[in-house]
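# Descriptive analysis of the structure
Spelled out from the first residue to the last, the chains are:
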Amino acid sequence: MAREIKYYIVAANALPEIFVKVAEAKRMMQTGEADTVGAATKMVGISRSAFYKYKDAVQPFNDMKAEHIITFYCMLKDNTGVLSGVLSVFATSGANILTINQSIPTNGCAAVTISAETSELKESLEQLMADVSALNGVVRVEVLAG
């Protein structure tokens, strides 16, 4: 049984310094201030191993809301209507879907990425993800980029 992932919003000054530095290194790479992980980690003063250990777990909340375009990754069972149900939840929440990419199903599941403009969301991002996760046939949903 998979362990449920929980998300928390925590003030940066309450976090261990390593998390803030990992977020800064990621930002530097996204903006082009650093070309490589090695350069970014050196600039913020952390090891590459620390960066790789936490890079997938640290995501600045402000960046996700400032852009208003978020890419979601979903793993869906290959059953009739599952993708339609996911898209319905997005529409109901006020998200404007920009792109949908679906892989060919293998082993009964298909990977789907959905990019959506979220400035008109009627609920929190966390609630949107919870609503999608609750659908029958949704194996996993996470924010891929934002």
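Below is a summary of the structure that appears in this document. Everything numeric in this text was worked out from a predicted model, so none of it was measured.

## Observations regarding the side chain of Thr41
Tracing the backbone through its elements, the reader meets Thr41 in helix 2 (residues 37–44). Residue Thr41 is classed as buried on the basis of its relative accessible area, which comes to 3%. In terms of polar contacts, Thr41 uses its side chain to reach the backbone carbonyl oxygen of Gly38, at 3.1 Å. Not counting residues up to four positions away in its chain, the partners in contact with Thr41 are Ile46, Ser47, Arg48 and Phe51.

## Regarding a nonpolar patch on the surface
On the surface, Tyr8, Val10, Leu15 and Val20 cluster together into a nonpolar patch covering about 370 Å² of accessible area. Relative to the elements of secondary structure, Val20 occurs in helix 1 (residues 17–31). On the basis of relative accessible area, Val20 is assigned to the partly exposed category, the value being 36%.

## Remarks on the packing of aromatic side chains
Going through the model one piece at a time under the given rule, you end up with three aromatic pairs. On the basis of an interplanar angle of 80° and a centroid distance of 5.5 Å, the ring pair of Phe51 and Tyr52 is categorised as edge-to-face. Residue Phe51 is classed as buried on the basis of its relative accessible area, which comes to 4%.

## Topic: the sheet that holds strand 3 (residues 109–117)
Hydrogen bonds along the backbone pair up the strands of a sheet, which may run parallel or antiparallel. With antiparallel pairing, four strands are arranged side by side in an open sheet as 2-3-1-4. The open sheet is flanked by strand 2 (96–102) and strand 4 (138–145), the only strands paired with a single partner. Recorded for the sheet is a direction-independent mean angle of 20° between the axes of neighbouring strands. As paired elements, strand 1 (residues 69–77) and strand 4 share six bridges and run antiparallel to each other. Bridge pairing in strand 4 links Met75 to Arg140.

## Details of the packing of helix 1 against helix 2
Close contact between helix 1 and helix 2 brings their axes to 9 Å; oriented N to C, the two are set at 135°. Between helix 1 and helix 2, the angle is such that the two are oblique. Crossing angle aside, the handedness with which helix 1 passes helix 2 is right-handed. Together, Lys21, Glu24, Ala25, Met28 and Met29 of helix 1 and Val37, Ala40, Met43 and Val44 of helix 2 make up the contact between the two elements.

## As for the nonpolar core
Grouped together as the largest cluster of nonpolar side chains are 19 residues, with contacts concentrated most on Phe72, Leu76, Val86, Phe90, Leu128 and Val132. Elements that contribute at least two residues to this core include exactly strand 1, helix 5 (82–93), strand 3, helix 6 (125–133) and strand 4.

## What about the pairing of strand 1?
The buried count for strand 1 comes to seven of nine residues, which makes it a mostly enclosed element. Alignment of strand 1 against strand 3, held across nine bridges, turns out to be antiparallel. Bridge assignment links Phe72 to a residue of strand 3, and that residue is Ile114.

## So, helix 1
A rise of 1.5 Å per residue sets the reference length of helix 1, with its 15 residues, at 21 Å; its end C-alpha atoms lie 21 Å apart and thus fit the reference within 8%. Within two residues after helix 1, Gly32 carries a phi angle of roughly 90°, on the positive side.

Thresholds, definitions, all that
- Residues numbered from 1 in each chain as written.
- Predicted model: local features only at pLDDT ≥ 70, side-chain atom pairs only at ≥ 80, totals over all residues.
- Heavy atoms only, no water.
- Helix = DSSP H or I, 4+ residues; strand = E, 2+ residues; numbered from the N terminus.
- Buried < 20%, exposed > 50% of the residue type's maximum accessible area, 1.4 Å probe, protein only.
- Polar contact = N/O pair within 3.5 Å; in protein donor to acceptor, adjacent residues only side chain to side chain.
- Contact = heavy atoms within 4.5 Å.
- Patch = residues over 30% accessible without salt bridge, like charges linked within 9 Å, V, L, I, M, F, W, Y side chains within 5 Å.
- Areas by Shrake-Rupley, 256 points an atom, 1.4 Å probe, with all protein chains shown as cover.
- Salt bridge = Lys/Arg side-chain N within 4 Å of Asp/Glu carboxyl O.
- Phe/Tyr/Trp six-rings, centres within 6.5 Å; stacked < 30°, edge-to-face > 60°.
- Pairing = 2+ DSSP bridges.
- Axes fitted to C-alpha atoms, helices over the stretch in contact; angles between N-to-C directions.
- Parallel < 35°, antiparallel > 145°, perpendicular 65-115°, else oblique.
- Left-handed = near helix turned anticlockwise from the far one by under 90°.
- Core = buried A, V, L, I, M, F, W, Y, C linked by side-chain atoms within 4.5 Å.
- Expected span 1.5 Å × (residues − 1).

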